[in-house]
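Below are the chains, spelled out letter by letter.
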Amino acid sequence: MNSSTMIMATLSQLRKKEGIPYTKVQIKPVELKNELYYQFSYFESNKVAHKNVTTIEATRVIKELFEQTFRQGMICTPEADYQILISKKFKVSILTKSPTKSEIDLSHNRKKQYVLEEGQPIPFLVELGIMNEQGKVLARKYDKFKQINRFLEMVEDVLPSLPEGRTITILDFGCGKSYLTFALYHYLAIQENRSLNVIGLDLKTDVIEHCNRLADKLEYTQLKFLVGDIAEYDELDKVDMVVTLHACDTATDAALEKAVRWNASVILSVPCCQHELFTQVKNPILDPLLSHGILKERFSALATDGVRAKLLDLMGYRTQLLEFIDMEHTPKNILIRAVKGESGDQAQLWKEYTEFRDFLQISPYLEKVCKDLLPSN
Ligand SMILES: C[S@@+](CC[C@H](N)C(=O)[O-])C[C@H]1O[C@@H](n2cnc3c(N)ncnc32)[C@H](O)[C@@H]1O
C-alpha cells in the first residue's frame, strides 16, 4: 500500500452475511505520535468501532477482508478512485473513476475530521455561499459548515441500517431552504456512491422552485422538491429514510407517523416549536415548574420529545435523542434518531409511556394518529 497516495478506502458488499457483525469497513491514514497508522472503522447496525493499525498490519488486514469478507472496494487517491469488484469466483475487475477526494495533510489529522472537508470546492457548498471557488469555507459561514458536518456524522452512523444493493428513497419533510437536503444528497450519492431517490417537501412554493433550480444546476438528477403538506402526502408506498428538520409543532408528528407507516429503516428528526403539550400538561405535583411560563414551555417541549421517543420505541424502533447544533433557531437542539429494530419489552414500554402520559394528563397527537399501531389502553 502506498501511504502517500491512499486517502480513503471503503470495503462493502458482504460475501456472506452470517457471522459478520459489520456491513462495511472504511480505512484512512492517520498520524499518531508522529507515526503513520491506518484507522479501520467497522460499521455495525447502529455503531462504528475504530481500530488503528500499522502500515504492514493494514496491508494484511485489507487482503484478508477482500479474500474472506467483502466483494467490493473503493480506493480513493488524488489521481483517481479505483472501484474493485470481486466476483463469487474471485475474478477481480478494477474500474478507474475521476477522483472524488483531494490529498489529506496528515499533520492536520489531529484537527477535527469532518465528513465534508475543506480544501477542495464542493459544488453545493459553493452554490450555497458556504465555500468559495477555491474550497475555502467563508469565516462567517463556519458555523453552518460545522452544523452540516454534524448532521452528516449522524447520517454516517446509520448508513449500515439503510438497505444495500438497491435505490434508497429518502423523504425530507418541511425541507425549507434545504441546506441539509443538498448535503445529504452530496454525501450519499457522490461521496458514498449510493443509488438514491430524494424528495424534499414543503408548503412554500417559491422556496421549492428555488431548490429545484439549484438541484438542476448541480445536476443532482435524483433530488426533487415538491410543494405539499406533510399530513396529506401519499405519493409513495415505501420510503427508507425520513428526515424532518425543524418542521413546526405537530408537523413533526405527522412526519413521524408517515415514517412509521412506511416502515422506514431510519428516521432523523429535529423537532421545533413543540407547543402541543403546553396547553394540555397539568399536575399539581409539578406546580413549581408549571406555574412559570418559561419553565412550562421548556418542560412541555422536552416532554413532547420524550413522548415521541417512547412511542417510536413502541412502534418498532430503537430511538436515541442526540444533541444537534442548530444555529438558526436555538443554540442547541435535540435530534431524534430512530432505527428500525426491537427496543425492549413492549409491555414494559407501554406501562412507562401510559404512566407518564396519565401523570401529565396529556393526549399527544402522535399517539392519536398511530392508535392502530399501539397496544390498547
Ligand atoms: C423552520 S423551517 C426548517 C427548514 C429546513 N428543514 C431546515 O432545517 O433548515 C420549517 C419548514 O417546515 C415547513 N413546514 C411546516 N409545516 C409543514 C407542513 N405541514 N407540510 C410541509 N412543510 C411544512 C415550513 O414551510 C418551513 O419551510
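Residues numbered from 1 in each chain as written. Predicted model: local features only at pLDDT ≥ 70, side-chain atom pairs only at ≥ 80, totals over all residues. Heavy atoms only, no water.

## Brief notes about the domain arrangement of the protein
Filter applied, for reference: Residue ranges assigned to each domain were obtained from an automatic or database domain assignment. Contacts are assigned to residue pairs that have any heavy atoms within 4.5 Å of one another. As used here, buried area is the combined drop in accessible area, with a 1.4 Å probe, of two parts when they are placed together. Within this document, salt bridges are pairs made up of a side-chain nitrogen of Lys or Arg and a carboxyl oxygen of Asp or Glu, the two lying within 4 Å of each other.
Taken domain by domain, the protein holds domain 1 (8-103) and domain 2 (124-373). Centre-to-centre separation of domain 1 and domain 2, based on C-alpha positions: 31 Å. Contacts between domain 1 and domain 2 engage 13 residues on the former and 10 residues on the latter. Between domain 1 and domain 2, a total of about 1,000 Å² is buried, with carbon and sulfur atoms accounting for 38% of that surface. Viewed at the interface, domain 2 and domain 1 are joined by one salt bridge. A salt bridge links glutamate 192 to lysine 24, with the shortest nitrogen-to-oxygen separation between them at 2.9 Å.

## Quick notes on the site of the ligand
Cut-off, in case you're wondering: Nearness is judged by heavy atoms alone; a residue qualifies as near a molecule or strand once a single heavy atom is within 4 Å of it. Under this definition, polar contacts are N or O atom pairs within 3.5 Å; protein pairs additionally need one hydrogen-donor-capable and one acceptor-capable atom, and for neighbouring residues in sequence, both atoms have to be side-chain atoms. Throughout, the Shrake-Rupley method with a 1.4 Å probe supplies accessible areas, and for residues the shown protein chains are the sole cover considered.
Around the ligand, the surrounding shell holds 13 residues, and the nearest of these are Gly174, Asp202, Ile230, Leu245 and His246. Within the backbone of cysteine 175, one N or O atom sits 3.4 Å away from a nitrogen atom of the ligand. A distance of 3.5 Å separates a nitrogen atom of the ligand from a polar backbone atom of leucine 203. When isolated, the ligand has an accessible area of 600 Å², and the protein chains bury 82% of it.

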